[in-house]
Amino acid sequence: MANPTPRRNLERKTRCPDLAAIAGVLDRLDTRLEGVQLQTDTYFHVRFGRLKLRVINGTEAVLIWYERPNELATRLSCYHLAQVGDPEALRVALTAALGVRGEVRKRRTIHHYHNVRIHLDDVDGLGRFIEFEAVLSATDGEEISRQRLAELGRALGLEAVQDQAGSYADLLGI
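Analysis parameters
Residues numbered from 1 in each chain as written. Predicted model: local features only at pLDDT ≥ 70, side-chain atom pairs only at ≥ 80, totals over all residues. Heavy atoms only, no water. Helix = DSSP H or I, 4+ residues; strand = E, 2+ residues; numbered from the N terminus. Rg over C-alpha atoms; globule rule 2.2 N^0.38 Å. Contact = heavy atoms within 4.5 Å. Areas by Shrake-Rupley, 256 points an atom, 1.4 Å probe, with all protein chains shown as cover. Lys, Arg positive; Asp, Glu negative; His and termini not counted. Charge placed at Lys NZ, Arg CZ, Asp CG, Glu CD. Salt bridge = Lys/Arg side-chain N within 4 Å of Asp/Glu carboxyl O. Buried < 20%, exposed > 50% of the residue type's maximum accessible area, 1.4 Å probe, protein only. Arc of directions from axis to C-beta. Pairing = 2+ DSSP bridges. Phe/Tyr/Trp six-rings, centres within 6.5 Å; stacked < 30°, edge-to-face > 60°.

Some points on the overall build of the chain
Link 1 in the chain: Scanning the chain for helices and strands turns up four helices and nine strands.
Link 2 in the chain: The C-alpha radius of gyration computed for the chain amounts to 16 Å, which stays within 12% of the reference 16 Å derived for 174 residues, consistent with globular compactness.
Link 3 in the chain: Structurally, the chain occupies a C-alpha span of about 45 × 35 × 30 Å along its principal axes.
Link 4 in the chain: Sequence-distant contacts in the chain: of pairs separated by 6 or more residues, those separated by 24 or more amount to 64%.
Link 5 in the chain: As presented, the chain carries roughly 9,100 Å² of accessible surface, and 52% of it is formed by carbon and sulfur atoms.
Link 6 in the chain: When the 24 positive and 24 negative side-chain charges of the chain are each reduced to one mean point, those points stand 2 Å apart.

Comments concerning the pattern of salt bridges
Link 1 in the chain: In the structure shown here, the tally under the stated rule is 16 salt bridges.
Link 2 in the chain: Where Lys106 meets Asp41, a salt bridge forms, and the shortest distance between an N and an O atom there is 2.6 Å. With Lys106 in strand 6 (residues 100-113) and Asp41 in strand 2 (residues 32-44), this pair connects stretches of sequence that are 65 residues apart. The same class applies to Lys106 and to Asp41, which are both buried.
Link 3 in the chain: One salt bridge connects Arg50 with Asp170, and the closest N-O pair in it is separated by 2.4 Å.

Details of the environment of Ile64
Link 1 in the chain: Examined against the element boundaries, Ile64 turns out to sit in strand 4 (residues 60-67).
Link 2 in the chain: Judged by its relative accessible area of 8%, Ile64 is buried.
Link 3 in the chain: As a C-alpha pair, Ile64 and Asp41 span 23 residues in sequence and 9.5 Å in three-dimensional space.
Link 4 in the chain: Discounting residues that sit within four places of it in the chain, Ile64 has contacts with Arg50, Leu51, Lys52, Arg54, His80 and Leu81.

Considering helix 1 (residues 19-28)
Residues spaced three or four apart along an α-helix face the same direction, because each turn holds 3.6 residues.
Link 1 in the chain: Among the residues of helix 1, those classed as buried are Leu19, Ile22, Val25 and Leu26. Projected down its long axis, helix 1 shows its buried positions confined to an angular sector of 120 degrees, all on one face. Projecting away from the buried face of helix 1 at angles above 90 degrees are the exposed residues Ala20, Asp27 and Arg28.

Observations regarding the environment of Asp122
Link 1 in the chain: With respect to the helices and strands, Asp122 occurs in strand 7 (residues 116-123).
Link 2 in the chain: Classification of Asp122 by relative accessible area gives partly exposed; the value is 30%.
Link 3 in the chain: As a C-alpha pair, Asp122 and Ser145 span 23 residues in sequence and 25 Å in three-dimensional space.
Link 4 in the chain: With near-sequence residues (within four places) excluded, Asp122 lies in contact with Leu19, Arg105, Lys106, Arg107, Gly127 and Arg128.

As for the pairing of strand 7
Link 1 in the chain: Most of strand 7 sits out of view: six of its eight residues are buried.
Link 2 in the chain: Of the pairings in the sheet, the one linking strand 6 to strand 7 comprises eight bridges and is antiparallel in character. Across the sheet, Arg108 pairs through a bridge with Asp121, a residue of strand 7.
Link 3 in the chain: As paired elements, strand 7 and strand 8 (residues 127-135) share eight bridges and run antiparallel to each other. Bridge pairing links Arg117 to Glu133 in strand 8.

Thoughts on the packing of aromatic side chains
The relation between two aromatic rings is expressed through the spacing of the ring centres and the mutual angle of the planes.
Link 1 in the chain: Evaluation of the coordinates by the stated rule reveals two aromatic pairs.
Link 2 in the chain: Note on Phe48 and Trp65: the rings are 6.0 Å apart at their centroids and 80 degrees apart in plane angle, and the pair reads as edge-to-face. Here Trp65 lies in strand 4 and Phe48 lies in the loop between strand 2 and strand 3 (50-56), a separation of 17 residues in the sequence.

Structure follows, in structure tokens:
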């Protein structure tokens, strides 16, 4: 039986007009480049939290349910992931059962710094953002993760005034 306990991470999202400059700084830091993904997130209507089907590069997919407050500060997110073998069939079934809230398309460059995933996102209809997700675990707890997010924010010159509270779907008004 699958573990019903959700995974947790700390998140921060910031508007960032110059992703190339950020990428240059990340190259000088101790980060590891994972690669670039073209992602399409289809959001479905749910009673609480958010549910989306993420299709990556048109081939692989994951169903993601998450709950997170819409706050400007670094915030805690709880989530469940499920790998999907037939994303189109699942999209059709979820559309029939729940209805589609909207769709978000983005080009995401992914870097890693310790337990932090750094996403450089170019989102259709919204612009450019940097998003941090510090995955919490027994070895990488909330305190060290908050320190790493603050360290990265300083190194990249991010300003709190550019922070964003909602998901990309929220920002698009869908």
